[in-house]
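# Overview (structure and organization)
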Amino acid sequence: MEKLTTRKIDLSGVDQRILFGQSDAFLRMIQDEFDVRIIARGDGIKLEGEKGEVEKLEKLFSDLISYVDKNQELNERYLIYAISMVKERKKGPFEDLQAKTLVTSLTTKKGIKPRTLGQKDYLKAMEGYDIVLVIGPAGTGKTYLAVAMAVSALKQKRVERLVLVRPAVEAGESLGFLPGDIRAKVDPYLRPVYDALHDMLTAEKIRKLMELGIIEISPLAFMRGRTLNNCFVILDEAQNTTSDQMKMFLTRLGENSKAIVTGDITQIDLANKVASGLVQSQKILSGIKGIKFVYLTEKDVVRHKLVQDVIKAYEKFQSQRKGGS
């Protein structure tokens with residue numbers, strides 16, 4: 001058995017109410033995840049356990065202290081992510097997640113930045129490539145971060161227009177049966193894009209930009225025959241495109257334009273077993289210089305902590321079902 005090690009961590013100057021959580025809830029979560037005895041007394045904590053585990057816990061507390069010092073808060077979502085990163089790579093995520101603010105959220109009044117290392121890689125890809133295809137489960141910020149990057153590019157005058165595109169639920173985009181004009185028919189499908197925009201720009205600003213054609217929200221079918229110059233273009237829910245639609249969209253790109261394609265290939269709504277254009281694009285476009293694929297996982301989920309567990313549970317179920325078929 002490995003010899004037990006004792007280490008002390010100085011917490012003077014650290015708000016322990018934030019670090020430990022309400023009624024020490026965070027401290028108990030940490031204790032449950034590591035086979036180390038944690039003793040909190042006065043302005044410090046003592047760790048007792050096997051050397052490897054104690055060293056991981058030291059790294060975790062160092063990371064959390066830095067996070068609390070910078071943000072004057074600590075939330076459960078970050079704590080869970082920090083624990084997983086320390087276990088996986090023996091290093092917390094705080095230092096690597098430091099990045100410039102894209103835009104400010106009107107809801108939280110805070111700067112929008114990557115919250116996971118996967119999201120940071122996604123933002124880096126959007127900065128460095130003209131075509132980025134990001135694939136990942138719900139809650140990983142695929143659409144939200146793409147819109148944030150687009151709004152940032154517009155504010156900095158790096159592009160002249162934002163074009164936000166979504167297929168209707170079916171690949172055929174059969175909108176005719178819905179009541180109302182084309183705006184009324186399309187709006188329900190574009191709600192997530194509107195929600196992201198409204199978290200970054202006021203309703204009045206969005207209305208004016210849309211009237212001027214600077215922001216355009218459109219169904220995918222309306223992209224045929226167009227050339228998009230000086231644009232930041234986002235195709236959302238791309239798992240519901242056919243291969244022909246994906247080709248059509250990507251070939252709309254004109255000079256000084258950037259295209260971001262987002263999708264979750266576990267939630268394909270195409271009828272009659274039509275092959276997803278996003279799935280096929282991974283084979284068709286691999287190896288093309290200037291095109292980047294980014295893959296987000298359940299570790300990058302930034303919604304309620306249970307969302308990550310739901311995704312894992314469904315992945316396990318689907319894997320078992322395939323194995324038994």
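## Here we look at the overall build of the chain
Across its full length, the chain holds eleven helices and nine strands. On the principal axes, the C-alpha backbone points of the chain span a range of 70 × 50 × 40 Å. In the chain, 68% of the contacts between residues at least 6 apart in sequence involve partners at least 24 apart. Accessible area for the chain stands at about 17,200 Å²; split by element, carbon and sulfur atoms hold 50% of it. Here the chain holds 52 positive side-chain charges and 43 negative ones, and the gap between their average locations is 2 Å.

## Points about the sheet that holds strand β2 (residues 36-41)
Here we have three strands laid out as an open sheet, ordered β1-β3-β2, and antiparallel in their pairing. Each end of this open sheet is capped by a strand with a single partner; those strands are β1 (4-10) and β2. The mean angle between the axes of side-by-side strands here comes to 15°, regardless of whether they run parallel or antiparallel. Note that β1 and strand β3 (residues 44-50) share seven bridges and pair antiparallel.

## Some points on the confidence of the model for the chain
Of all residues in the chain, 90% have pLDDT values of 70 or greater, and the mean over the chain is 88. Per-element averaging of pLDDT across the chain places helix α11 (residues 305-324) at the bottom with 72 and strand β4 (residues 131-135) at the top with 98. Overall, residues 170-178 carries pLDDT values under 50, and its contacts beyond four positions in sequence, including any with other chains, amount to 21 contacts.

## Describing the sheet that holds β4
A sheet is described by the order of its strands in space; here six strands give the open sequence β6-β5-β7-β8-β4-β9, paired in parallel fashion. In this open sheet, the two edge strands, each paired with only one partner strand, are β6 (215-219) and β9 (291-295). The mean angle between the axes of side-by-side strands here comes to 15°, regardless of whether they run parallel or antiparallel. Across the sheet, helix α6 (residues 142-155) lies against β4, β5 (161-166), β6, β7 (231-235) and β8 (258-263), angled at about 170° from β7, the strand it touches most. Contacting β4, β8 and β9, helix α10 (residues 277-284) crosses the sheet at an angle of about 120° to β4.

## Some details on the side chain of Thr262
Residue position: Thr262 is located in strand β8. Of the polar contacts made by the side chain of Thr262, one reaches the side chain of Asp236; its length is 2.6 Å. Once residues within four sequence positions are removed from consideration, Thr262 is found in contact with Tyr122, Val134, Lys142, Thr143, Leu235, Asp236, Glu237, Ala238 and Gln239.

## A short note on the side chain of Asp264
Following the sequence through the fold, Asp264 ends up in the loop between β8 and α10. For the buried Asp264, no salt bridge exists, and the shortest N-O distance to an oppositely charged side chain is 5.3 Å, to Lys142. Those residues in contact with Asp264 that lie beyond four places of it in its chain are Gly136, Pro137, Ala138, Lys142, Gln239 and Leu278.

## What about the environment of Ala82?
Residue position: Ala82 is located in helix α4 (residues 76-89). Since its relative accessible area comes to 0%, Ala82 is described here as buried. Spatially, the C-alpha atoms of Ala82 and Leu64 are 7.8 Å apart, while their sequence positions differ by 18 residues. With residues near it in sequence (within four places) discarded, Ala82 still touches Leu60, Asp63, Leu64 and Pro93.

## Remarks on the packing of aromatic side chains
The final tally for this structure, using the stated rule, is three aromatic pairs. Seen from their ring centres, Tyr67 and Phe94 are 6.2 Å apart, and the 80° between their planes marks the pair as edge-to-face. Taken together, the residues span a long stretch of sequence, with Tyr67 in helix α3 (residues 51-71) and Phe94 in the loop between α4 and α5 (117-128) at a distance of 27 residues. For the pair formed by Tyr67 and Phe94, the shared burial category is buried. Measuring from centroid to centroid gives 6.4 Å for Phe293 and Tyr295, while their planes differ by 15°, and the two rings are stacked.

## As for a nonpolar patch on the surface
There is a patch of nonpolar side chains on the surface, built from Ile265, Ile268 and Val279 and spanning about 190 Å² of accessible area. Within the secondary structure, Ile265 sits in the loop between β8 and α10. Classification of Ile265 as partly exposed rests on a relative accessible area of 33%.

## Describing α4
Owing to its 3.6 residues per turn, the α-helix brings residues three or four apart onto one side. The terminal C-alpha atoms of α4, which comprises 14 residues, lie 20 Å apart, in line with the 20 Å expected from a rise of 1.5 Å per residue. Where α4 is concerned, the buried positions are Arg77, Tyr78, Leu79, Tyr81, Ala82, Ile83, Met85 and Val86. If you check the start of α4, you find a side-chain oxygen 3.3 Å away from the backbone N of Arg77, and it comes from Asn75. Phi turns positive one or two residues past the end of α4, at Lys90, with a value near 55°.

## Re the nonpolar core
Tyr122, Met126, Leu197 and Phe232 are the most contacted members of the largest nonpolar core, which totals 37 residues. Where this core is concerned, the elements lending two or more residues are α5, β4, α6, β5, α7 (182-198), α8 (203-211), β6 and β7. Excluding anything up to four places from it in sequence, Phe232 contacts Ala146, Met149, Ala150, Ala153, Val159, Arg161, Leu162, Val163, Lys258 and Ile260. Judged by nonpolar contacts, the second largest core, of 33 residues, contains Leu27, Phe34, Val36 and Val54.

Quick notes on the rules
- Residues numbered from 1 in each chain as written.
- Predicted model: local features only at pLDDT ≥ 70, side-chain atom pairs only at ≥ 80, totals over all residues.
- Heavy atoms only, no water.
- Helix = DSSP H or I, 4+ residues; strand = E, 2+ residues; numbered from the N terminus.
- Contact = heavy atoms within 4.5 Å.
- Areas by Shrake-Rupley, 256 points an atom, 1.4 Å probe, with all protein chains shown as cover.
- Lys, Arg positive; Asp, Glu negative; His and termini not counted.
- Charge placed at Lys NZ, Arg CZ, Asp CG, Glu CD.
- Pairing = 2+ DSSP bridges.
- Axes fitted to C-alpha atoms, helices over the stretch in contact; angles between N-to-C directions.
- pLDDT = per-residue confidence, 0-100.
- Polar contact = N/O pair within 3.5 Å; in protein donor to acceptor, adjacent residues only side chain to side chain.
- Buried < 20%, exposed > 50% of the residue type's maximum accessible area, 1.4 Å probe, protein only.
- Salt bridge = Lys/Arg side-chain N within 4 Å of Asp/Glu carboxyl O.
- Phe/Tyr/Trp six-rings, centres within 6.5 Å; stacked < 30°, edge-to-face > 60°.
- Patch = residues over 30% accessible without salt bridge, like charges linked within 9 Å, V, L, I, M, F, W, Y side chains within 5 Å.
- Expected span 1.5 Å × (residues − 1).
- Core = buried A, V, L, I, M, F, W, Y, C linked by side-chain atoms within 4.5 Å.

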